[in-house]
Amino acid sequence: MLKTPTELNENVKAIARKLKLDSKKAIFLTVQPYKEAIPLECYKNVDAYVELNGGTSQLGWRIWEWTGVLIEAESHCVWKSPEGQLVDIS
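Just so we're clear, the structure is a prediction, and the values are computed from it rather than from any experiment.

Thoughts on the layout of surface pockets
Reported here for the largest pocket is a volume of approximately 780 Å³. Lining of the largest pocket is provided by 26 residues; of these, Ala26, Ile27, Trp61, Arg62 and Ile63 occupy positions nearest its centre. Looking at the lining of the largest pocket, the element that brings in the most residues is strand E1 (residues 56-66), giving 6 residues. Residues of the lining of the largest pocket, tallied by class, amount to 16 nonpolar, 6 polar and 4 charged.

Written out as structure tokens, the structure is:
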């Protein structure tokens, strides 16, 4: 089953190296969707949320893993609150 990893395991470190990312800066976010969020539309969701609540968008990667089968990185966008907190609202 494809899911987001819950720890910085060797597969996550390997894909970070492939993307030329520093895995030491990896963070894990809890998803806190807002009720108007459109599934699979993180960019639109964050833009709309910023309009209503301020803050900015933060680009990054969402990692998906099917343990022992595959690992992939998906371009992703989350909301950065005016206080600097990152929240995955999608």
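Let's talk about a nonpolar patch on the surface
Together, Leu2, Trp66, Val69 and Leu70 make up an exposed nonpolar region whose accessible area comes to about 350 Å². By secondary structure assignment, the location of Leu2 is in the segment before helix H1 (10-18).

Some remarks on the sheet that holds strand E3 (residues 86-87)
Hydrogen bonding along the main chain pairs the strands of a sheet, whether they run parallel or antiparallel. What the 3 strands build is an open sheet, ordered E1-E2-E3; its pairing is antiparallel. The open sheet has two free edges, formed respectively by E1 and E3, since each of these has just one partner strand. Bridge analysis of strand E2 (residues 70-80) against E3 gives 2 bridges, and the strand direction is antiparallel. Counted as the bridge partner of Lys80 is Leu86 from E3. The strands touched by H1 within the sheet are E1 and E2, with E2 carrying the most contacts at an inclination of about 75°. Contacts from helix H2 (residues 42-53) reach E1 and E2, with the element oriented near 15° to E2.

A look at the side chain of Arg62
Along the polypeptide, Arg62 turns up in strand E1. Arg62 gets classed as buried once you look at its relative accessible area, which sits at 17%. Within the structure, Arg62 has its side chain in polar contact with the side chain of Asp88 (distance 2.6 Å). When near neighbours in sequence (up to four residues on either side) are disregarded, Arg62 contacts Thr4, Val31, Glu72, Ala73, Glu74, His76 and Asp88.

Observations concerning the pattern of salt bridges
Considering all chains together, one arrives at 2 salt bridges under this definition. Among the ionic pairs, Glu10 bridges to Lys13, the shortest N-O distance being 3.5 Å. Of this pair, Glu10 and Lys13 both sit in helix H1, separated by 3 residues, roughly a single helical turn. Here Glu10 falls in the exposed class, since its relative accessible area comes to 54%. Take Lys13: its relative accessible area is 26%, and that puts it in the partly exposed class.

Conventions used here
Residues numbered from 1 in each chain as written. Predicted model: local features only at pLDDT ≥ 70, side-chain atom pairs only at ≥ 80, totals over all residues. Heavy atoms only, no water. 1 Å grid on protein atoms, 1.4 Å probe; cavity = no way out; pocket = protein on both sides within 12 Å on 5 of 7 lines; lining within 4 Å. Points joined across faces, edges and corners; volume = space filled by probe spheres on them. Helix = DSSP H or I, 4+ residues; strand = E, 2+ residues; numbered from the N terminus. Nonpolar A, V, L, I, M, F, W, Y, C, P; charged D, E, K, R; others polar. Patch = residues over 30% accessible without salt bridge, like charges linked within 9 Å, V, L, I, M, F, W, Y side chains within 5 Å. Areas by Shrake-Rupley, 256 points an atom, 1.4 Å probe, with all protein chains shown as cover. Salt bridge = Lys/Arg side-chain N within 4 Å of Asp/Glu carboxyl O. Pairing = 2+ DSSP bridges. Contact = heavy atoms within 4.5 Å. Axes fitted to C-alpha atoms, helices over the stretch in contact; angles between N-to-C directions. Buried < 20%, exposed > 50% of the residue type's maximum accessible area, 1.4 Å probe, protein only. Polar contact = N/O pair within 3.5 Å; in protein donor to acceptor, adjacent residues only side chain to side chain.

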